[in-house]
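Tertiary structure, described
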Amino acid sequence: MMQSNAAQARACWFALLAISNPLSLLAQEPFSSTRFPESPLLAKQRLDNKPLENPAQIQEPPITDSDRDHWSFQPIITPPVPTTSMLSWTDSPIDSFVLSRLEQAGLAPAPEADRGTLLRRLKLDLLGLPPTPNELAEFLHDCDRDADAYQRWAEKWLSSPDFGQRQAQPWLDLARFAETDGFEHDRVRNEAWRYRDWVISAFNQDLPYDRFIGLQLHGDLTGSKEDQIATMFCLASADMPDINDQDLRRHDRLNELTSTIGAALLGLQMHCAQCHDHKYDPISQGDFYRLRGVFESSIPELKRDQPFNLFAGNDNKLEPRLYFRGDLRSPGPIVEAAFPRIGIPEDSSANCDTQRPRESFSKWLFAQDNPLVARVIVNRVWMHHFGRGLFETASDVGVVPAGPTHPELLDWLAGFLREHQWSLKALHREIVLSATYRQASRQETNDREWSARLAKDPKNNLYSRFPRRRLDGEVIRDSLLSVAGLLQSEAGGESVLPPLPKELTGTLLKGQWPTSGREADHYRRSIFIFARRNLRYPLFDVFDRPDAGDSCPQRNRSTTATQSLQMLNSELSNRCAAALSQRVTEDCLEHDELTASNWISRLFVAALARPATVEEVSLFESFFANESSRRAACLAILNSNEFLTVD
Amino acid sequence: MLLPPSRRRFLQYGGSGLGGLALSVLWQHESQATVARTDFNPRVKRVIWLFMHGGPSHVDLFDPKPELSRLAGQPIPDSFGPVMTRRKVAQNPLLPAIKPFRRRGQSGLEISDFLPEIANYADDLCVIRSLHGDSVNHPQSVYQMNTGSVLMGRPSVGSWVAYGLGSENEDLPAFVVLPDPGGGLKGGPPAWGNGFLPASYQGVTMRAGSRPILHLDSAAGFTAHEQRRMLDALQQLNQRHLAQRDYDDELSARIATHELAFRMQATAPELVDLSQESASTLQLYGVDQKATNDFGTRCLLARRMIERGVRFVQVHSGDTNGWDAHSNVADNHGKLCAATDKPVAGLLHDLKQRGLWDETLVIWGGEFGRMPMSEQGTGRDHNPWGYTVWLAGGAVQGGMAYGATDAIGLRAQEKPVHIRNFHATLLHLLGVDHENLSYYHNGLDERLTGPTDDVEIVQEILA
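Residues numbered from 1 in each chain as written. Chains lettered and ligands numbered in written order. Predicted model: local features only at pLDDT ≥ 70, side-chain atom pairs only at ≥ 80, totals over all residues. Heavy atoms only, no water.

Next up on the list: the pattern of salt bridges. Residue and element names in this part refer to chain A. Inspection of every chain in the model, using the stated rule, returns 82 salt bridges over all chains. Residue Glu-296 pairs with Arg-250 through a salt bridge whose shortest N-O separation is 3.2 Å. On the criterion of sequence distance, the pair formed by Glu-296 in helix α15 (residues 285–296) and Arg-250 in helix α14 (residues 246–266) is long-range, its members being 46 residues apart. This pair shows no difference in class: Glu-296 is buried, exactly as Arg-250 is. When the shortest N-O distance is used, the salt bridge between Arg-341 and Asp-287 registers 3.0 Å. Taken together, the residues span a long stretch of sequence, with Arg-341 in the loop between β2 (331–334) and α16 (357–365) and Asp-287 in helix α15 at a distance of 54 residues. (Salt bridge = Lys/Arg side-chain N within 4 Å of Asp/Glu carboxyl O. Helix = DSSP H or I, 4+ residues; strand = E, 2+ residues; numbered from the N terminus. Buried < 20%, exposed > 50% of the residue type's maximum accessible area, 1.4 Å probe, protein only.)

Turning our attention to the nonpolar core. One finds Trp171(A), Tyr195(A), Tyr209(A), Leu265(A), Phe295(A), Phe361(A) and Leu365(A) to be the most contacted residues of the largest nonpolar core, which totals 128 residues. The element that contributes the greatest number of residues to this core is helix α17 (residues 373–386) of chain A, accounting for eight residues. Phe361(A) has contacts with Leu217(A), Ile261(A), Leu266(A), Leu291(A), Val294(A), Phe295(A) and Phe339(A), leaving out every residue within four places of it along the chain. Core analysis: the second largest hydrophobic core is formed by 122 residues, Ile637(A), Leu61(B), Val176(B) and Leu237(B) among them. (Core = buried A, V, L, I, M, F, W, Y, C linked by side-chain atoms within 4.5 Å. Contact = heavy atoms within 4.5 Å.)

Attention now moves to the side chain of Arg207(B). Counting through the fold element by element, Arg207(B) comes out in the loop between β6 (204–205) and α8 (224–243). Despite its burial, Arg207(B) remains without a salt bridge, the nearest opposite charge being carried by Glu503(A) at 5.0 Å. Within the structure, the side chain of Arg207(B) is placed 3.2 Å from the side chain of Thr205(B), a separation counted as a polar contact. The contact partners of Arg207(B), leaving out residues within four places of it in the chain, are Glu503(A), Pro212(B), Ile213(B), Leu214(B), Val272(B) and Leu301(B). (Lys, Arg positive; Asp, Glu negative; His and termini not counted. Polar contact = N/O pair within 3.5 Å; in protein donor to acceptor, adjacent residues only side chain to side chain.)

Bringing the confidence of the model for chain B into the picture now. Residues and elements named next belong to chain B. Put simply, chain B has an average pLDDT of 89, and 91% of its residues get 70 or more. Confidence over residues 1–36 falls short of pLDDT 50; this stretch has 97 contacts with residues more than four positions distant or in other chains. For this predicted complex, the interface confidence score (ipTM) comes to 0.89, while the overall pTM stands at 0.88. (pLDDT = per-residue confidence, 0-100.)

Attention now moves to the packing of α15(A) against α16(A). Residue and element names in this part refer to chain A. In the contact formed by α15 and α16, the axes pass within 7 Å of each other and the chain directions differ by 125°. Taken as axis vectors, α15 and α16 run oblique relative to one another. Side by side, α15 and α16 meet where Leu-291, Val-294 and Phe-295 of the first sit next to Pro-357, Arg-358 and Phe-361 of the second. (Axes fitted to C-alpha atoms, helices over the stretch in contact; angles between N-to-C directions. Parallel < 35°, antiparallel > 145°, perpendicular 65-115°, else oblique.)

Structural data, given as structure tokens:
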């Protein structure tokens, strides 16, 4: 099957070549800008640093009507909310869009998840933490008295400072954020944590998305030091400050940031076009280098061993140009900063102000007729809550991947975000309050249509139930610490370094993982753990945290034996199991009798936000006998699929 | 769940459900995806890569240059043109080979006196003298040799092989790294990372001794009996949970990985337990000698691993500086050759006597070679423009020198082999077409060898 896949790719490539420009014939090279052996001739050209012979003009395929016909490049026109027969279910227009598709398929939505499940889902999604026994009790109590209890709890958690501490991580994944340079020396970027805190605070304050992006693109121009920190988004990639050829360093960084901005903000895989016109999408090499031109004046000539991780005005006079094959040694024609042509509607006069290119770019991103930015971000927010996007390739709205399962819903959400002045919290709220989100993920006792849902919607493309998913590594650690009562609430500031086995620190240069001196710091939230590019914290590493090598729109979700080994045997999980055991015991002593069934029941409530069943009590009864067994029982619960997934 | 298109098709047609699970147990649950084999027979089933970190000097070990002796002490002739170097050595006097070369074996392949033991196997070595890469810097070159790209964060060769071929032993990882206890590579763990491939394909570091894998023992000191009792309760809990959730595949997989993890607590120590090896075997690898004990032990572990079905083992030689002989080649290479020569020779011998030779590929080489010019008198700077890597095993020609550098060993000149061609050849030997081993990532079907289509298999070296 791979062969047919590759063959298909080749066929498309040749088809495109036939209509593409002659330059692209040269352009089939990998991204390394140093791909040739250092022959004397090339070495000389490099040292002379002169443009090679080149045509005066870039020839590139024009944007055609059929290019514009692709769903993502169409203007966003907020669609009418469909009418459905089951009116009682449509709490949000989201539900009408989902229900209308379900009804077409002859399906009814799943009933609402039980209250405990719903509470756990809501808190894990919004805050990245499991509910405490007190919260569970209060919530159940509230639900009995107040029809709007769920809504009030959602509101409360949307306003919690923990909200930003959970929501920041996916953004940091996109920003390929780490606090070190990578490569050999992997030096610390002293102020990188300030960017992390800036992102957390932006989400907590609900900084409108247009402002959020604007500051990350040109915060250095406001005159505020804090705003300048935001520009680390553009420059958070790996960097090699000691590289011999500093021009190459600058070239690589510019190309990388252009690629990341294309993918993260526009959903365009611009990076494919740094060496040649994109093989499938209407993105030419010219588009790539014109977009790079927006940033060209913001990166000065770099100095060896000097970090450059924040913008500081535009003072560079280097002219933007195209580079054949992406190779610094093959400079091509001069270009002018501009936006990718496919993002500009035919009747638009959008133009980059080359005096203020970054501001002009960020203004264009949020122009009413930009079809990409709103679709891309609402899909990311949707993906956060449902585990997958309305289109799955969240940083690629090009022609190859499958398009959205619910295009009208996607556009409705995009319109919603604009109407709400780009408030991401408004969008989170709308989603978590929807009936779609509140569905059960498994068969409830009174649900007779479950098997029909599995049969007619096997992959849950129609959202006929809530999609279960495994938690991220960071959330797993925070959950462990939280149920154990060890989690420290202190937020922000310099990152902390919990102890690591010497086998791991031994793979680093000396002194690269200085364990934090204060033990309490070892139990701070995962978002505050030092993000070293050359060594991911081991629990995050095995649970698919990306390596900050490039912008990551969505993590893999693997299931491996090394995960089990860590969860069963590590110092962290055993420490948490012991603390949980003690906590449950104290809890029993305080509130009722210390008996096996009380202890087990309280353990289940503490870790899984539900009481144990009779069978479960008898399954763990014999573990109550002594402290060591009780710890083992706690460890078992912390390793259970129920603990590690959200239902 | 975000899956590459190929994986999606696999699930669609290969079937999911419990039946499908057996295919993917369990080191690589995510996607034993592509079935990348092409229609030719794989010559090699497993690889041992002896990675000489820091950059061993080809002109002092495997690539004799009489012209270098003739020009000793003089600056590099103008005819060689300007050369990019890491340090300012371009105008430094040329430094002849530190030790004499001799013709060895039937083939007459020339090998330096630095490596008398390996020299006994000259007729088994396939020495590529014309390898070349793109960067004068360690980390970029470490990355390029190990991932195909000078940039950070691409999947390593071992992870590509794990992804494409999986492990032959479902209780062991497909890709194991045996790091040097003295320190890590310049560039760090990303050199054996999974990049954008699922985490299950990254190199698993293993060590000699009682704790070969991280987290193999209970930090709480639970005995195997206590663990079993705990696991039994956990699995009963998980089974109930599973039954209420339509026997979800991902949940089933985790139930199985817990069992695998438990089994590994027994199998992994056995894997690194050398007590069953005979005294003569230990001697063969130099385990009995102080100078060769460490590298010998790791070479022997590599053999034990491939015997048990590990697909790809990388053994690192050299601490953080390793073979990086900037100031004194004689001293640096003297020590490292003394530490590795006998173990490497022992490994070659052992593979042959155990019938593992034909289906195993041994690779020896660093991230680059070294310059013909001197540095600080008797040292040498990095040279990625032309250097040596050798291969051994039944699938490649023995006693062969392939390609050549120029007269002084500065640049690959005859039959140059770019790293990407080397990688493509390596995959070819494993029965994998480098063009077909791909993974959909950020808009591209990514490949180890990159999107370029000018990659060539080095046909002449194939046996």
